[in-house]
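Structural overview for review
Here is how the chains run, residue by residue.
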Amino acid sequence: MSDSTANKHVAVFPFPFGTHVVPILNLVLKLSQVTPNCLFSFIGTHKSNALHFPKPHNPHNIKHYSINDGIPYEGHPLANHPIEKVNFFLKTGPENLRKGIQMAEEDTKKKVTCIISDAFVPCSLVVAQTLNVPWIAFWPPMSCTLSLYFYIDVIRKKFADCDENASFDLLPGLPKMRLQDIPHDLLFAGEKKTVFSRTLVSLGEVLPQAKAVVINFFEELDPPLFIKDVRSKLQSMLYVVPVRFPILTVADPSGCLSWLDSNTSRTVAYVSFGTVVTPPAHEIVAVAEALEESGFPFVWSLKENITGLLPDGFVQRTITRGKVVPWVPQTQLLAHDSVGVFVTHCGSNSVTESLSSGVPMICRPFFGDQMVGARVIEDVWGIGKIIEGRVFTKNGLIRSLNLILVQKEGKKIRDNALKVKNSVESASKPEGISTTHFKTLVKVISSS
Ligand code: UDP
């Protein structure tokens, strides 16, 4: 690819919460390789930059600049709810982003020519408009959630009083969606009126103003009707397959990968709830009891501060066939042939990693896009099961583990997971749709 982006300067704004930063940084790393003369200024918070740029080994054309997280002062009291930090960040967003751009322009002596931001930082559109440069929105959540932002008003009007279990057929390509699948911050935004919920509600109007919306997923896996509908509402909808540079540590301090070598094919249950979610205590106990009673080998990535909730003696009693560890190299672990099922909270990265390895999922979604993810896993791709009652119980989890790891009835799910893996492999080849879309993205940057 010739470098038509020479002398361009792209400001990049991540949403510095959860695992949103990693996929946008991966995209920028990929862009930086094919556009060596284009400069990328990654404008993140101090904390997030310290985590994602720990070593001075960045490509020469990526620089990072740190801005405040919006919390008024060091030690400011915070409610025990992660959304409060998000609200502070979004409230001071435009002002801090402008400061970040000023730093980047002064340091590089180059005017910013384009902005790429996480779609959850839509105030960056205003900054782009002030600078008169194109705004490109990046969409890291589950792709199918995009639909909700265009239909949320209709859903609220038509279905607000319905049973949350009843499915409704309103979203093109997603006929089995239920009210319980919609993120609460979106469904109840009118009552909540937080900066975050207002931000979410605004996306249906904001995203059509983006020069392009880049979806971090595989077009080949999304329902064609969903794609056609959302594409008709946007200026440009580009699917770029998720790429993975080793940004966060991939070490295996607990030796899980070599331990998996001693297990047979597709027999091990892997359990993880990602980096944000902490399930309630009774669910942690239920998971432990199910793992113990079912007798399946398992790896459980469990934050150290939660291990105190495990039943007394659980780790010792299961030590010959189970591992409870604070961190695993998840992508490699899911790619290991011994892993037969992933018990997951359905974070978008976890779902992508699991389906890329053909591992079926048992879904216990908690918030945000996780519920839509779980619905799509069960009803669109048929590669997993939502846990009975949407809450872990010992018997519910044992039934799901048996279904997916052992029973004949689970064969269809296991086969579907392998089919999806094959689709992902084809989609990731140079002749896949993503290659064309990536080139279009480079063109948008170069025409700025
Ligand atoms: N992860 C990991 N090891 C662990 C737990 C999580 O590498 O022990 C990684 C996982 O591979 C994924 C990310 O952390 O890339 C979690 O992202 P996801 O979107 O699934 O969930 P979130 O943490 O944002 O809720």
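We now turn to the structure provided with this report. It should be emphasised that the depicted structure is a prediction, and the values quoted were computed from it without experimental measurement.

Should the charged atoms of two oppositely charged side chains come close, the side chains can pair. Overall, the coordinates contain 15 salt bridges when judged by the stated rule. Among the ionic pairs, R375 bridges to D181, the shortest N-O distance being 2.7 Å. Taken together, the residues R375 in helix 16 (residues 370-380) and D181 in the loop between strand 7 (177-178) and helix 7 (184-187) connect sequence positions 194 residues apart. Exposure remark for D181: the relative accessible area of 0% places this residue in the buried category. Salt-bridge contacts for R390 lead to D181; the nearest nitrogen and oxygen are separated by 3.3 Å. Highlighted residues: R390 in the loop between strand 15 (384-386) and helix 17 (394-405) and D181 in the loop between strand 7 and helix 7, separated in sequence by 209 residues. On the accessibility criterion, R390 (16% relative accessible area) is buried. Bridged by salt links that share partners, the residues D181, R375, E378, D379 and R390 form one connected network.

The biggest cluster of nonpolar side chains holds 93 residues, and the ones touching the most others in it are I115, W139, L207, V299, L355 and W381. Tallying contributions element by element places helix 6 (residues 146-159) first for this core, with 8 residues. Of the residues that make up this core, three or more belong to each of domain 1 (3-241 + 428-446) and domain 2 (256-426). Contacts of W139, omitting those with residues within four sequence positions, involve A119, F120, T145, L146, Y149, L203, L207, V213, V214, I215 and N216. Counting 29 residues, the second largest nonpolar core, distinct from the first, contains V287, L302, F314 and L397.

Once that is clear, we can look at helix 12 (residues 281-294). The α-helix winds at 3.6 residues per turn, so residues separated by three or four positions along the chain end up facing the same way. Between its terminal C-alpha atoms helix 12 stretches 20 Å, which fits the 20 Å expected from 14 residues at 1.5 Å a residue. Those residues of helix 12 lying buried are E283, I284, A286, V287, A288, A290 and L291. Among the structural elements, strand 10 (268-272), strand 11 (298-301), helix 13 (314-317) and helix 17 are those in contact with the buried residues of helix 12. Directly after helix 12, the chain includes G295, whose backbone phi takes a positive value near 85°.

Here we take up unusual backbone geometry. One non-glycine residue, N7, adopts positive backbone phi at about 70°. Counting through the fold element by element, N7 comes out in the segment before strand 1 (9-13).

With parallel pairing, 7 strands are arranged side by side in an open sheet as 3-2-1-4-5-8-9. The sheet is open, and its two borders are formed by strand 3 (62-67) and strand 9 (237-239), each paired with just one other strand. Sheet twist, expressed as the mean angle between neighbouring strand axes with direction ignored, is 25°. Bridge count for strand 2 (residues 39-45) against strand 3 is 6 bridges, and the pairing is parallel. When the sheet's bridge partners are listed, F42 is paired in strand 3 with H64. Docked against the sheet, helix 5 (residues 123-131) engages strand 1, strand 4 (114-118) and strand 5 (135-139), running at close to 175° with respect to strand 4.

What counts, and at which threshold
Each chain carries its own residue numbering, running from 1 in the written order of its sequence. Local features are withheld for residues below a pLDDT of 70 in this predicted model, meaning they are given only at 70 or higher, and side-chain atom pairs are given and counted only at 80 or more; totals for whole chains, interfaces and linings count all residues. Remark: hydrogens and water are excluded; side-chain values derive from all non-hydrogen atoms of the structure. Salt bridge, as used here, is a side-chain nitrogen of Lys or Arg placed within 4 Å of a carboxyl oxygen of Asp or Glu. For helices the rule is a DSSP run of H or I covering at least 4 residues; for strands it is a run of E covering at least 2, with both sets numbered from the N terminus onward. Classification of residues uses two cut-offs on accessible area relative to the type maximum, computed with a 1.4 Å probe and protein chains only: under 20% is buried, over 50% is exposed, and between them is partly exposed. Side-chain atoms within 4.5 Å link the members of a nonpolar core, which is a set of buried Ala, Val, Leu, Ile, Met, Phe, Trp, Tyr and Cys residues. Segmentation into domains, and thus their bounds, comes from an automatic or database assignment. When checking whether two residues touch, look at their non-hydrogen atoms; a contact exists if any pair is within 4.5 Å. By this rule, a helix spans an expected 1.5 Å times one less than how many residues it contains. Any two strands are treated as partners once DSSP identifies two or more bridges connecting them. Whenever a helix is involved, its axis is fitted only over the stretch in contact; in every case the axis is a line through C-alpha atoms, and angles between N-to-C directions fall within 0 to 180 degrees.

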